[in-house]
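Tertiary structure, described
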Amino acid sequence: MRVEADYDVVVCGGGAAGIGAAIGAAKSGAKVCLVEKYGFLGGAATTSQVLAYCGLFQQGREPVRAVSGVGEDVIAEIRELGLDGGAFRSETTGNWIVLLDPEILKFALDNLVQRHRIDVKLHTRVAAVSRTGKRLEAATLAGMSGRRHVVAEAFVDASGDANLAMLAGLDYQIGNGEGRLQALTMPMRIGGIAPDLKIDRDALQSAIARYNETGRYPIQRTDGGIIIRLPLSSDMWWMTVDLDIADLESDSFTRAEMAGRAMAHDYLSMLRRAMPGFENAYLVATGPQVGIRETRHPVARYQLTKEDVISGRLREDGIARAAWPIELHGEAGKPVYTPIGGEGYFHVPYDAIRAKSLANLWYGGRVIGADPDAYGSIRVMGTAFATGEAAGVSAADYADRNHKTDCRSVQARLSAQGAMI
Ligand SMILES: Cc1cc2nc3c(=O)[nH]c(=O)nc-3n(C[C@H](O)[C@H](O)[C@H](O)COP(=O)(O)OP(=O)(O)OC[C@H]3O[C@@H](n4cnc5c(N)ncnc54)[C@H](O)[C@@H]3O)c2cc1C
């Protein structure tokens, strides 16, 4: 196949990690190609209505920032476009988050990647890669006009699903290692309720209890689930549609998508019947796709452990801060939280973002090395910006240094571009 373009860094996936990686690499002077299979950037925030950035702040009475750099650039841009972008304390969990609007986020990310002159390929998948020995040489991109071959000095897998690592033939683990995957959730966005209506959680819990006696799809979040009124629209963002998934087969995802939509419509009918103020409520969106918490975990040179998280382990080779508590969804609808010890954050070490057996592949976001508990912390989007930025800067550094890796140089470059370590 003909080589159509030559880059320093190719990034697979345009979610929080891919944005962090592409902008981080571009700020380091690299020529960057960012490949995204959807027609917009944002990852789970825009594909699955995950409309809150977690992990930008530590837990506690006051919001203490844990991520800056590209994550902060994104917040500045959404503010420019009219979103508040400030730390918001979740009523359900007490954690600090930043609320999003998907249309503003899409546009903000378009502006940012264009400003950094990143060559963005939307509607395009990384469909194959070629390697020689311990290096990736090229990626085959499948888009509207067919397939094209691009070569690069270094690559970042920010696909969430480890698609690039899988295509490269690297080992990976599915779910917790015994094949068990965290539950899927289909966040619902509900309109048609008055902006000043205070959603009565006691009334909602009673409605759920009544529904669960005879309803078709018993609701596991009997506490009412996560409820947030979204900025601008005042729509209700509701997380109650939880689905177990047994494997990564297309048939299983098809069933989950259809079952999720059936549940969303049934739950909406329940709200309209049982909750005062919801008589005219309607479903604004369930998102282009169901929210997927975990799929494949490719093998990294270091795997973060539960102990690293709960002791708040800080290290010389840290390249990012992770500040979200361990949040596990082992049983659909019953999230369990474990706080971070020490200073309230732990370091992600350089080796957790490096592929084990390839010299020029880095990981960003939810594919970095982590055991099942640590994964419950590092997977959030605030942390994904930070690990993505570190991966992009590492890839650019490798290209600049004639294929040498140097953690100190990466740390210095990250600090110079405003990232917190
Ligand atoms: C229901 C649910 C609720 C959650 N709640 C929160 C929350 O409130 N706050 C929070 O911060 N996190 C939350 N999370 C976790 C968080 O959304 C993800 O872990 C996070 O999005 C990871 O970021 P990422 O960039 O690694 O991956 P993603 O956001 O998944 O982005 C990966 C991108 O890669 C693209 N891609 C994949 N394969 C290819 C390919 N071959 N070629 C091209 N593009 C490709 C995808 O289309 C996608 O855009 C939640 C997750 C779920 C499922």
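For the structure, see preceding data.
To start, this report covers the structure provided alongside it. Since this is a predicted model, take the numbers as computed values, not measurements.

Each value, and the rule that gives it
Residues numbered from 1 in each chain as written. Predicted model: local features only at pLDDT ≥ 70, side-chain atom pairs only at ≥ 80, totals over all residues. Heavy atoms only, no water. Phe/Tyr/Trp six-rings, centres within 6.5 Å; stacked < 30°, edge-to-face > 60°. Buried < 20%, exposed > 50% of the residue type's maximum accessible area, 1.4 Å probe, protein only. Helix = DSSP H or I, 4+ residues; strand = E, 2+ residues; numbered from the N terminus. Lys NZ or Arg CZ within 6 Å of the ring centre and 35° of its normal. Core = buried A, V, L, I, M, F, W, Y, C linked by side-chain atoms within 4.5 Å. Domains from an automatic or database assignment. Contact = heavy atoms within 4.5 Å. Pairing = 2+ DSSP bridges.

Let's talk about the packing of aromatic side chains
Under the defined criterion, the tally for this structure stands at five aromatic pairs. Pairing Tyr38 with Phe40 gives two aromatic rings, centres 5.5 Å apart and planes at 25°, and the pair type is stacked. The buried category is assigned to Phe40, whose relative accessible area is 15%. Arranged with centres 6.4 Å apart and planes meeting at 65°, the rings of Trp238 and Tyr267 form a pair that is edge-to-face. Here Tyr267 lies in helix 7 (residues 250–274) and Trp238 lies in strand 14 (residues 236–239), a separation of 29 residues in the sequence. Look at Tyr267 and you get buried, because its relative accessible area is 0%. Taken together, Tyr211, Trp238 and Tyr267 form an aromatic cluster joined through their ring pairs. The ring centre of Tyr7 lies 5.2 Å from the NZ or CZ of Lys31, which sits over that ring. Directly above the aromatic system of Phe40 lies the positively charged group of Lys106, at a separation of 4.6 Å from the ring centroid.

Some points on the nonpolar core
Counting 109 residues, the largest nonpolar core has Ile19, Tyr53, Ile319 and Leu361 as the members making the most contacts within it. If one sorts the elements of this core by residue count, helix 10 (residues 381–400) sits on top with 10 residues. Shared between two domains, this core takes at least three residues from each, and those domains are domain 1 (3–179 + 294–416) and domain 2 (184–285). Not counting residues within four places of it along the chain, the set of residues in contact with Tyr53 comprises Val74, Ile75, Ile97, Val98, Leu100, Leu105, Met381 and Phe385.

Looking at unusual backbone geometry
Of note, Ser234 is a non-glycine position whose phi angle comes to about 60°, a positive value. Its location among the elements puts Ser234 in the loop between strand 13 (226–229) and strand 14. Phi is positive for Asn402, close to 60°, though the residue is something other than glycine.

Let's talk about the sheet that holds strand 4 (residues 88–89)
Pairing in this open sheet of three strands is antiparallel, and the strands run 3-5-4 from one edge to the other. Each edge of the sheet is formed by a strand with only one pairing partner; in this case those strands are strand 3 (52–54) and strand 4. Pairing of strand 3 with strand 5 (residues 96–99), which is carried by three bridges, proceeds in the antiparallel orientation. By the bridge assignment for strand 5, Cys54 is matched with Ile97.

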